[in-house]
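# Per-entry structural report
Next come the chains, spelled out residue by residue.
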Amino acid sequence: MRNPVLGYLLLAPTVILLGVLVGWPLIEAVVLSFNQFHPLTRQPNFVGLRNYAEILTEEEFWNAFKNNFIWLAGSLVLQISLGVALALMLNRSFPGRGLARTLILFPYLLPVVVAALIWQWMLDPLNGVINAGIEGFGLPAVDWLGEMPEAMIAVITVGSWRAFPFVVIAVLARLQSIPAELYEAAEVDGASAWGRFWDVTMPQLGNVLFVVVLLRAIWDFREFDLLFLMTGGGPLSGTTTLPLLVYKEAFEVFQTGRAQAIAVVMLLVMAVLIAFYFALSRRGGTIDEA
Amino acid sequence: MSVGNKRPTGGQRDISRRTVIKGAAAGSALAASGLFTPAISQGRTKLNVFTLQRAPLQMEAYAKMVASFEAAHPDIEVDMLPVSQTDLWPKLAASYAGGDVPDLVLQVTAENIVSLYGQGLLEPLTDVVKEIGEDDFEESARNLYFDKGEYFAVPASNNCVSLLWYRTDLLDQAGLAPPKTWSDFIAMAKALTGNGMYGASMPYGQAAMANSITWTLIYEAGGLVIAPDMSVVFNDEPTYKMLEFMKEIHEYVPPGANRYDFFDVLNAYVMGTAASCMYTGRAIVNVNTENPAIADSIACTPFPIPTGGVPWWSGAFEGIVMPKAGKNYEAAKQFAAWNFKPEEYIAFINATPGHQIPTLKSILNSQAYRSDPLLQKYPEALQTTIDTLAKANATCKPFDDFPLILKAGEIQGSGIFAETLQRVVIGGETPQKAAAWGQDRIARLMRT
């Protein structure tokens, strides 16, 4: 006979641990978002919903919100398309394939601060190799990180460069497990290369792409370090996304309660987006029903 | 003793899960027993010290200072952490949140000292000032940190960012004299721009330097940011004038200046990309070590002021402060006083000759200080710096009879100034619209 009490007792440590590690900081963030306090003196002053009312009616928040989605959409499109294309190439047989598969991981393994420094140097308007190339074609140098929209294009490119190896690894692993018989059958049926890709490869990649897009979207939505290091949110507030706005509010203008309120809104937006994405994927049959 | 960031000293090795668990259990037991206190290790008091002057030569001087202090005080260990101006508030906030507040912060600029004092976060250091010799401190620096019968900081040094460094060879070739007004400066920058050379190097990045010099330029234009009654008066004619000046000079700065902070502004001048720059005397050592080819062609003048403006120049008035939540007041005071031992003090000040000027009159006038080879090589630049500083004020107390602006550090660190500037220079907004935005943001900051 089953003993439910024993079951709950066995579950209790896990539930308590999760509660402490996840629930408590979350509750703390929500509670603090109803207060205003200086990060040094840390004396909270209850202000109710004022922080939310203020941020939701301010240009800065909606500008950061818009930037967040431009950054997210640009990064996802670039890294997924680049990652899938390279995974398809690396799935083919060619001399040096092993070395190429190893080297492709390099951007993903590089610490973000190193990557940011390397790219800042390459994008330097006076001495950067990228502008040297552009000027070689007789075109004027570009201030990649000091003008808009160049700065957003630059950070999306660098962000995608850092992240695409993750897509390559995940997609390549799935490609290697697609049965060769499916391609043989398609060939027998007269399918073209494009037809084989679209009708065989892509449906097989559905599940893995679902997970990859989900994870990358979560990670990119809350990306802070690369943007902070590359542009600091500038020029103006052209690359200020919500995580950077949280930082600015907390550590530059010392509105810690407002910063917490923005973080809570970010969490809610992410939750809604993920729920929507799951619903969309289920309806489209992208993910297998367990 | 340790100075700078710590690095792991051992190589990597496999650690079993059991070892980790044992270690965690032992650590928890120690923490729970209260036997382990981070501030006291192996019977020695450990001082956590932040410093905002952190160039390699300055850190070397600090390493020597710490070594001599520890030799004289075997029961005290000093751990020095370099912190950038931009990172000061985030680092302090993290320290306070984690309950690991630094025992001392060295070389803090006046705006930040005053803000920390305004928040009630500083312990008085009156006995340290008296031990060093109250009358030996330069009066304006000493008086800045004296309030309600106590010194809330020890004036450690001063530096003058209100200097314009220029290339004598290029000015001679163009038949120009060093500029005295903003109009002269723009004309000079225009004349010297061309053939890969840019006339000026000025900060437009969302970083510490643009935030710092905005006050100075507004004061020069005859304006204020905060009125004596602590109301915000940023949205005014002098601010518009400052923004228009910065927009005009922007045409003659190197590409990339939209991201320039202290280092970049100086570097463009040092490396010969720009013919002039607004900077402190650090230019001397940087030119001589990094680009000696132009070392005989550099000079400085007080930063130009607008026609009809106010001859106002700023000093950083760096000081040493002791945060209230520190754990080792007495040891911290001993180390604070040790900073002023003549040999250590001169070694640190002259790690970047001309950049920092002693606040102790006995040192400023001493042969030991002035005998530095680079100071001997540039006597006019040194005298210009000293003379300009003698007339200088802190941005948080722009005139002698002005009350302390207790939120100056928050205002300067907020990035509002730099964003206002970028709105005009990059975003194309009118100075009036940008200043109105800035006024609104500063007013909000003052309300908190």
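Criteria and thresholds
- Per-chain numbering applies: the sequence of each chain, read as written, is numbered from 1 onward.
- As they are written, the chains are lettered A onward and the ligands numbered 1 onward, keeping that order.
- A pLDDT threshold of at least 70 governs which residues receive local features in this predicted model, and a stricter bar of 80 or more applies before side-chain atom pairs are shown or counted, although totals over entire chains, interfaces and linings include all residues.
- By the criteria applied, helices consist of DSSP H or I runs no shorter than four residues and strands consist of E runs no shorter than two, each listed in order from the N terminus.
- Exposure is read from a count of other C-beta atoms within 10 Å of each residue's own; the residue is exposed at 12 or fewer, buried at 20 or more and partly exposed in between. C-beta atoms are placed from the backbone.
- A pair of residues counts as a contact when their C-beta atoms, built from backbone coordinates, are separated by no more than 7 Å.
- A helix is expected to span 1.5 Å for every residue after the first.
- Starting at the helix axis, one direction is taken to each C-beta atom, and the arc is that of these directions.
- The classification used treats Ala, Val, Leu, Ile, Met, Phe, Trp, Tyr, Cys and Pro as nonpolar, Asp, Glu, Lys and Arg as charged, and all other residues, Gly among them, as polar.
- Only when DSSP finds a minimum of two bridges between them are two strands counted as paired.
- Inter-axis angles, ranging from 0 to 180 degrees, are taken between N-to-C directions of lines fitted to C-alpha atoms, where helices are fitted over the stretch in contact.
- We call two directions roughly parallel when the angle between them is under 35 degrees, roughly antiparallel when it is over 145, roughly perpendicular when it lies between 65 and 115, and oblique otherwise.
- It is the rotation of the near helix from the far one that decides the hand of a crossing: anticlockwise by less than a right angle makes it left-handed, clockwise makes it right-handed.
- By definition, a nonpolar core groups buried Ala, Val, Leu, Ile, Met, Phe, Trp, Tyr and Cys residues that connect through C-beta atoms lying within 7 Å of each other.
- Each residue carries a pLDDT value, the predictor's own confidence for that position, ranging from 0 to 100.

### With respect to the overall build of chain B
Helix and strand counts for chain B come out as 21 helices and 14 strands. For chain B, the spread of C-alpha atoms along the principal axes amounts to about 70 × 55 × 50 Å. Expressed as a percentage of its 448 residues, the buried residues of chain B come to 51%.

### What about the overall build of chain A?
Across its full length, chain A holds 13 helices and 2 strands. C-alpha atoms of chain A, sized along the principal axes, occupy 80 × 70 × 30 Å. The 290 residues of chain A split such that 31% are buried. Taking all contacts inside chain A whose residues are at least 6 apart in sequence as the whole, residues at least 24 apart take part in 66%.

### Structural notes on helix α18 (residues 379-390) of chain B
Residues and elements named next belong to chain B. Spanning 12 residues, α18 covers 16 Å between terminal C-alpha atoms, matching the ideal 16 Å at 1.5 Å per step. Regarding α18, the residues found buried are A381, L382, T384, T385, T388 and L389. For α18, the angular spread of buried residues about the axis comes to 160°, placing them on one side. Turned more than 90 degrees away from the buried face of α18, the exposed residues are P379, E380 and Q383.

### Remarks on the interface of chain A and chain B
Counting from both sides, the interface comprises 25 residues of chain A and, opposite them, 25 residues of chain B. Considering every element that reaches the side of chain A that touches chain B, the biggest residue donor is helix α12 (residues 242-252) of chain A, with 3 residues. Residues that form the side of chain A that touches chain B fall into these classes: 11 nonpolar, 8 polar and 6 charged.

### Points about the sheet that holds strand β10 (residues 163-167) of chain B
Residues and elements named next belong to chain B. One open sheet accounts for 3 strands, arranged β11-β10-β12; its pairing is antiparallel. Each having just a single partner strand, β11 (276-278) and β12 (298-302) make up the two edges of the open sheet. Here the strands of the sheet are splayed against their neighbours by 20° on average, with no regard to which way each runs. Relative to β12, β10 runs antiparallel, the two being bridged by 5 bridges. Each bridged residue has a counterpart across the sheet, and for R167 the counterpart in β12 is I298.

### With respect to the packing of helix α9 (residues 208-220) of chain B against helix α20 (residues 416-425) of chain B
Residues and elements named next belong to chain B. Remark: α9 packs on α20, axes separated minimally by 7 Å, with the N-to-C direction vectors making an angle of 85°. With respect to α20, the element α9 is oriented roughly perpendicular. Within the contact between the two elements, α9 uses A210, N211 and T214 and α20 uses F417, A418 and L421. Residue classes in the contact of α9 with α20 are distributed as 4 nonpolar, 2 polar and no charged.

### Description of the packing of helix α11 (residues 262-270) of chain B against helix α12 (residues 282-290) of chain B
Residues and elements named next belong to chain B. Between α11 and α12, whose axes approach to 10 Å, the crossing angle comes to 50°. What the angle tells us is that α11 and α12 run oblique. Of the two possible hands of crossing, α11 and α12 adopt the one that is right-handed. Contacts between α11 and α12 involve L266, Y269 and V270 from the first element and R282, A283, N286, V287 and E290 from the second. In terms of residue class, the contact of α11 with α12 is made up of 5 nonpolar, 1 polar and 2 charged.

### Describing the environment of K341 of chain B
Residue and element names in this part refer to chain B. Along the chain, K341 falls in the loop between α13 (329-338) and α14 (342-349). Overall, the presence of 15 C-beta atoms within 10 Å leaves K341 in the partly exposed class. Expressed as a C-alpha distance, the spacing of K341 and P304, which sit 37 residues apart in the sequence, is 36 Å.

### Some details on the nonpolar core
Counting residues in hydrophobic clusters, the biggest one holds 170 residues, and the most contacted among them are L104, W165, V265 and C277 of chain B. At 8 residues, α9 of chain B tops the list of elements feeding residues into this core. Contact partners of C277 of chain B, with chain neighbours within four places excluded, come to W165, A200, S201, V265, L266, A268 and Y269 of chain B. Listed in part, the 13 residues of the second largest apolar core include V84, A87, A163 and L205 of chain A.

### Observations concerning the pairing of strand β9 (residues 154-158) of chain B
A regular strand places its side chains so that they alternate between the two faces of the sheet. All names here are of chain B. Most of β9 is tucked away: 5 of the 5 residues are buried. Here 3 bridges tie β9 to strand β13 (residues 318-323), and the two strands are oriented antiparallel to one another. Counterpart to S157 in the pairing with β13 is E318. Inspection of the sheet shows β9 paired to strand β14 (residues 357-358) by 2 bridges, in the antiparallel sense. Residue N158 lies in a different strand from β14, and its bridge partner there is I357.

### Describing the environment of F69 of chain B
Residue and element names in this part refer to chain B. The residue F69 is located in helix α2 (residues 56-72) in this model. As a C-alpha pair, F69 and R44 span 25 residues in sequence and 13 Å in three-dimensional space. Sequence-distant contacts of F69, that is, excluding residues within four places in its chain, are made with V78, F335 and W338.

### A word on the confidence of the model for chain B
Residues and elements named next belong to chain B. Mean pLDDT for chain B: 90, with 91% of residues reaching 70 or above. Scored below 50 in pLDDT, residues 1-38 shows 18 contacts in the model against residues more than four places distant or in partner chains. Per the prediction output, this complex has pTM 0.85; the corresponding ipTM is 0.82.

### A closer look at unusual backbone geometry
Cis peptide bonds are those with omega within 30 degrees of zero, and the linkage from M148 of chain A to P149 of chain A qualifies with 10°. Within the secondary structure layout, P149 of chain A lies in the loop between α7 (129-136) and α8 (150-175). With an omega of -5°, the peptide bond running from G234 of chain A to P235 of chain A counts as cis. Topologically, P235 of chain A is positioned in the loop between α11 (225-230) and α12. One non-glycine residue with positive phi stands out, namely L236 of chain A, at about 50°. Along the chain, L236 of chain A turns up in the loop between α11 and α12. Since 21 C-beta atoms lie within 10 Å of it, L236 of chain A is described here as buried. Backbone geometry at K148 of chain B places phi at a positive 50°, although glycine is not the residue there.

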